[in-house]
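What follows is each chain in one-letter form.
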Amino acid sequence: MALLIKDKSEIKTANTFTSVNPATLELLGEIDVFNKERVDLRVSKAHDAFSIWSKIPLEERLIYISKARDYIMDNLDNLCELITKENGKPLVESISADILPVLDLMDYYIKNKNAIPSHENISLGKWSLLNKSSYIEYVPLGVIAIISPWNFPFSIPMGQIIQAIITGNTVVLKPSEHTPLIALEMANIFNKIGLPDGVFNVVTGLGETGSNLVSARVNKIVFTGSVATGKKIMAAAAQNLTPVVLELGGKDPMIVLKDVNMSNASSGAVWGAFTNSGQVCASVERMYVDESIADEFIYEVVRKTKKLRQGIGLDKNTDIGPMISLAQMNIVKDHVQDARDRGAKILTGGEQFNDLAGYFYKPTILTNVNHDFKIVSEETFGPVLPIMTFKSEEEVIKMANDSKYALTASIWTTDIERAKNMANQIEAGTVSINDCVSTFALCQTPWGGGKESGIGRTHGKFGIMEFVEPKHIHVDKNYNMKKFWWYGYDENRLDLMKQSLKLLFTNGGVTALPQLIKDLMKNKPL
Ligand code: NAD
């Protein structure tokens, strides 16, 4: 009989930790903890590989991406099964949320080389009259440390890895301690397709391994995870002035206007709140419904939630899998208890689902809540949906913005122009109209947020720019002409400067031309 692990933290030693199936609590593997010395060795290997990889033409780098895409397609079932076993999500979500976004991102860059920054001419305006020109070469940064969470264990790191390596960087990945086997499978994919040794590296372990990577000789840190860890990483990175991208938490509002398509929006709400067992940085974590339709809308949301089938992700009929860990489920229990104590009404759920061994919490809907409740103000990261009502547009915008997070938000209505106007007033990295959560899968658009949701972007043109540095090359073709700002200062030069300003920056400045020519003739550069 398989070994069952009640709480992952039960089994770990100084040198190893365990991977556990959160649905069945079966032990999936025992994994190495990388100490500082081993982390440094991997970083050093990535630096060695960088000196070669960064010089390989883009076309050649993209061939490796094509091969990786083909390998993933050829091994789809095994990969899906591994993601579902180690993370718990249903098989459909392993495809829709973890594999599809990666394949699409790979395909996008394979077909759109121009989306990968390489060379750009800069217009110099007036300076070009002096036969000057400038251009930018976008150069890779070096070794990128990618530190990731467990909730999208394949799509989050893999999208970042692809963007990093196609721009000529090498990568050291520190995956979540909850999903190390998926990261080791990524290493296997790159190994199988013949990616040069050292371009992609994995260091497994707990938080300390991540901390060792942050203080190692890396050129950038791309972190996705909690606000608390993000703050620690930013403070540690400051020691070496290592730049950071931080993709952190969210408390994303869904706003439902009274002219909404009720059937559609209620299905969207149920999926947006409970997909991946609600463990999504962009999931619908709080909902505001126009009070004139609230009763009917909430009834529909509760009715549909009650139909969800909770179970093991490998069962093809499962809608909601387990949570990732006991610790994560305890946060949900704490938030629900706080709400209950303050008088919240629980319309469905509100307790653990005990039919199975794993960490299952029933999809839960609450009303009679407000912004003083933990469940409305703090990130819960579980299958719970607190619902509030509003009377006016002004009021709901204020409520949506009343949060320390600003990752995503959604507005549901048939009046698209009104929603666009509201979107302009909402503080979030992404505002979706009549959709939610799914924009992470759009590889063309920026992903990230403001306030405590993070710094920087991944995906799209802003995301890929995080992996390059603009190197400016300036060319002056007048190699035999002294510049008028070089030494040889005197009264004449001062006048020459003033006449130049007059010519360039005043209306009718052309009247300065005769004096400027005279000054130029008398100019005596050193
Ligand atoms: P976490 O912060 O606990 O861990 C994330 C990673 O950081 C893990 O690999 C962990 O081992 C590592 N780590 C922990 N301590 C560290 C330290 N001191 N130095 C370096 N690394 C360290 O987060 P989690 O529980 O894995 O993920 C859930 C959180 O991630 C949620 O808050 C969620 O909103 C957020 N998230 C954000 C996004 C986004 O795109 N904005 C996406 C997914 C998840």
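In this report, the structure presented in the accompanying data block is examined. (Residues numbered from 1 in each chain as written. Predicted model: local features only at pLDDT ≥ 70, side-chain atom pairs only at ≥ 80, totals over all residues. Heavy atoms only, no water.)

## Examining the overall build of the protein
So, point 1. A tally of helices and strands in the protein yields 17 helices and 20 strands.
So, point 2. With the C-alpha coordinates of the protein rotated into their principal frame, the extents come out at 95 × 55 × 40 Å.
So, point 3. Considering the protein as a whole, with its 526 residues, one finds that 53% of them fall into the buried category.
So, point 4. Sequence-distant contacts in the protein: of pairs separated by 6 or more residues, those separated by 24 or more amount to 70%.
So, point 5. Of the roughly 24,000 Å² of accessible surface on the protein, a fraction of 54% belongs to carbon and sulfur atoms.
So, point 6. The centroid of the 56 positive side-chain charges in the protein is displaced by 7 Å from the centroid of its 60 negative side-chain charges. (Helix = DSSP H or I, 4+ residues; strand = E, 2+ residues; numbered from the N terminus. Buried < 20%, exposed > 50% of the residue type's maximum accessible area, 1.4 Å probe, protein only. Contact = heavy atoms within 4.5 Å. Areas by Shrake-Rupley, 256 points an atom, 1.4 Å probe, with all protein chains shown as cover. Lys, Arg positive; Asp, Glu negative; His and termini not counted. Charge placed at Lys NZ, Arg CZ, Asp CG, Glu CD.)

## Details of the side chain of Ser266
So, point 1. Within the secondary structure, Ser266 is located in helix α9 (residues 262-274).
So, point 2. Excluding residues that lie within four positions of it along the chain, Ser266 makes contacts with Phe297, Glu300, Val301 and Lys304.

## Description of the state of the cysteines
So, point 1. The full count for this structure, using the stated rule, is zero disulfides.
So, point 2. Counting only cysteine sulfurs, Cys436 is the nearest neighbor of Cys281, a cysteine outside any disulfide, at a range of 12 Å. (Disulfide = S-S within 2.5 Å.)

## Considering the packing of aromatic side chains
So, point 1. Under the defined criterion, the tally for this structure stands at nine aromatic pairs.
So, point 2. Ring-pair connections join several aromatic residues into one group, and the members of that group are Trp127, Phe484 and Trp485.
So, point 3. Across the ring face of Phe373, the terminal group of Arg342 is positioned such that the distance to the ring centre comes to 5.6 Å. (Phe/Tyr/Trp six-rings, centres within 6.5 Å; stacked < 30°, edge-to-face > 60°. Lys NZ or Arg CZ within 6 Å of the ring centre and 35° of its normal.)

## So, the sheet that holds strand β12 (residues 345-348)
So, point 1. Pairing in this open sheet of seven strands is mixed, and the strands run β12-β13-β14-β11-β10-β16-β17 from one edge to the other. The two strands at the open ends of the sheet, each matched to only one other strand, are β12 and β17 (430-433). Ignoring strand direction, the axes of neighbouring strands in this sheet form an average angle of 25°.
So, point 2. Pairing analysis gives four bridges linking strand β16 (residues 408-412) to β17, with the strands arranged parallel. Paired with Thr408 across the strands is Thr430, a residue of β17. (Pairing = 2+ DSSP bridges. Axes fitted to C-alpha atoms, helices over the stretch in contact; angles between N-to-C directions.)

## Points about a nonpolar patch on the surface
So, point 1. A cluster of nonpolar side chains, Leu501, Leu503, Leu504, Phe505, Val510, Leu513, Ile517 and Met521, forms an exposed patch at the surface whose accessible area comes to about 780 Å².
So, point 2. Of all elements in the fold, only α16 (491-505) and α17 (513-522) reach the threshold of two or more residues within the nonpolar patch.
So, point 3. Looking at the nonpolar patch, the element that brings in the most residues is α16, giving four residues.
So, point 4. Within the fold, Met521 resides in helix α17. (Patch = residues over 30% accessible without salt bridge, like charges linked within 9 Å, V, L, I, M, F, W, Y side chains within 5 Å. Salt bridge = Lys/Arg side-chain N within 4 Å of Asp/Glu carboxyl O.)

## Section: the environment of Glu427
So, point 1. Summarising the element assignment, Glu427 is placed in the loop between α14 (416-425) and β17.
So, point 2. For Glu427, a relative accessible area of 39% puts it in the partly exposed group.
So, point 3. A C-alpha to C-alpha distance of 9.2 Å links Glu427 and Ser403, two positions 24 residues apart in sequence.
So, point 4. If we ignore the near neighbours within four places in the chain, the residues touching Glu427 are Asn401, Ala406 and Lys451.

## Digging into the site of the ligand
So, point 1. The environment of the ligand is formed by 28 residues, the closest being Glu177, Ser226, Thr229, Leu248 and Glu379.
So, point 2. The separation between an oxygen atom of the ligand and a polar main-chain atom of Gly225 is 3.2 Å.
So, point 3. Ser226 places a polar side-chain atom, nitrogen or oxygen, 2.7 Å from an oxygen atom of the ligand.
So, point 4. In isolation the ligand offers 850 Å² of accessible surface; the protein chains occlude 89% of this area.
So, point 5. Mapped by element, the contributors of at least two residues to the shell around the ligand are α7 (207-214), β8 (220-224) and α8 (227-238).
So, point 6. If one sorts the elements of the shell around the ligand by residue count, α7 sits on top with three residues.
So, point 7. Residue composition of the shell around the ligand, grouped by class: 13 nonpolar, eleven polar and four charged.
So, point 8. Built from parts of two domains, the shell around the ligand gets at least three residues from each of domain 1 (34-114 + 142-248 + 461-468) and domain 2 (252-441). (Near = heavy atom within 4 Å. Polar contact = N/O pair within 3.5 Å; in protein donor to acceptor, adjacent residues only side chain to side chain. Nonpolar A, V, L, I, M, F, W, Y, C, P; charged D, E, K, R; others polar. Domains from an automatic or database assignment.)

## A few points about the sheet that holds strand β6 (residues 170-174)
So, point 1. Strand order in this open sheet of six strands is β7-β6-β5-β8-β9-β19, and the pairing throughout is mixed. Two strands in the sheet have a free side with no partner beyond their single neighbour: β7 (200-202) and β19 (454-455).
So, point 2. Two strands pair when backbone bridges link them, and strand β9 (residues 244-247) and β19 are joined in this way by two bridges, in the antiparallel orientation. Of the residues in β19, the one forming a bridge with Glu247 is Gly454.
So, point 3. Lying over the sheet, helix α5 (residues 155-166) contacts β5 (143-147), β6, β7 and β8, oriented at roughly 165° with respect to β6.
So, point 4. Across the sheet, helix α6 (residues 180-192) lies against β6 and β7, angled at about 155° from β7, the strand it touches most.

## Here's the deal with helix α2 (residues 58-74)
So, point 1. Taking 1.5 Å per residue as the helical rise, α2 with its 17 residues ought to reach 24 Å, and the 25 Å between its terminal C-alpha atoms agrees with that figure.
So, point 2. Inspection of α2 places Leu58, Arg61, Leu62, Tyr64, Ile65, Ser66, Ala68, Tyr71 and Ile72 among the buried residues, and these make up the whole buried set.
So, point 3. Contacts made by the buried residues of α2 are with α1 (36-53), α3 (76-87), α4 (91-111), α5 and α6. (Expected span 1.5 Å × (residues − 1).)

## What to know about the side chain of Lys304
So, point 1. Within the secondary structure, Lys304 sits in helix α10 (residues 294-306).
So, point 2. On the accessibility criterion, Lys304 (15% relative accessible area) is buried.
So, point 3. One polar contact links the side chain of Lys304 to the main-chain carbonyl oxygen of Ser263, over a distance of 2.9 Å.
So, point 4. Excluding anything up to four places from it in sequence, Lys304 contacts Ser263, Ser266, Ser267 and Val270.

## Quick look at the layout of surface pockets
So, point 1. Here the second largest pocket is characterised by a volume of approximately 590 Å³.
So, point 2. In this structure, the second largest pocket is lined by 22 residues; those nearest its centre are Leu130, Phe484, Trp485, Ser500 and Leu504.
So, point 3. For the lining of the second largest pocket, the elements supplying multiple residues, two or more each, are α16 and α17.
So, point 4. Per element, the largest residue contribution to the lining of the second largest pocket is six residues, and it comes from α16.
So, point 5. Broken down by class, the residue content of the lining of the second largest pocket amounts to 14 nonpolar, three polar and five charged. (1 Å grid on protein atoms, 1.4 Å probe; cavity = no way out; pocket = protein on both sides within 12 Å on 5 of 7 lines; lining within 4 Å. Points joined across faces, edges and corners; volume = space filled by probe spheres on them.)

## A few points about the pairing of β6
So, point 1. For β6, the buried fraction is high: five of the five residues fall into the buried class.
So, point 2. Neither face of β6 is exposed, since Thr170, Val172 and Lys174 on one face and Val171 and Leu173 on the opposite face are all buried.
So, point 3. As judged from the five bridges shared by β5 and β6, these two strands associate in the parallel manner. Paired with Val143 across the bridge in β6 is Thr170.
So, point 4. Handedness of the crossover joining β5 and β6 through α5 is recorded here as right-handed.
So, point 5. As paired elements, β6 and β7 share three bridges and run parallel to each other. Paired with Val171 across the bridge in β7 is Phe200. (Right-handed = clockwise from strand over helix to strand, strands pointing away.)

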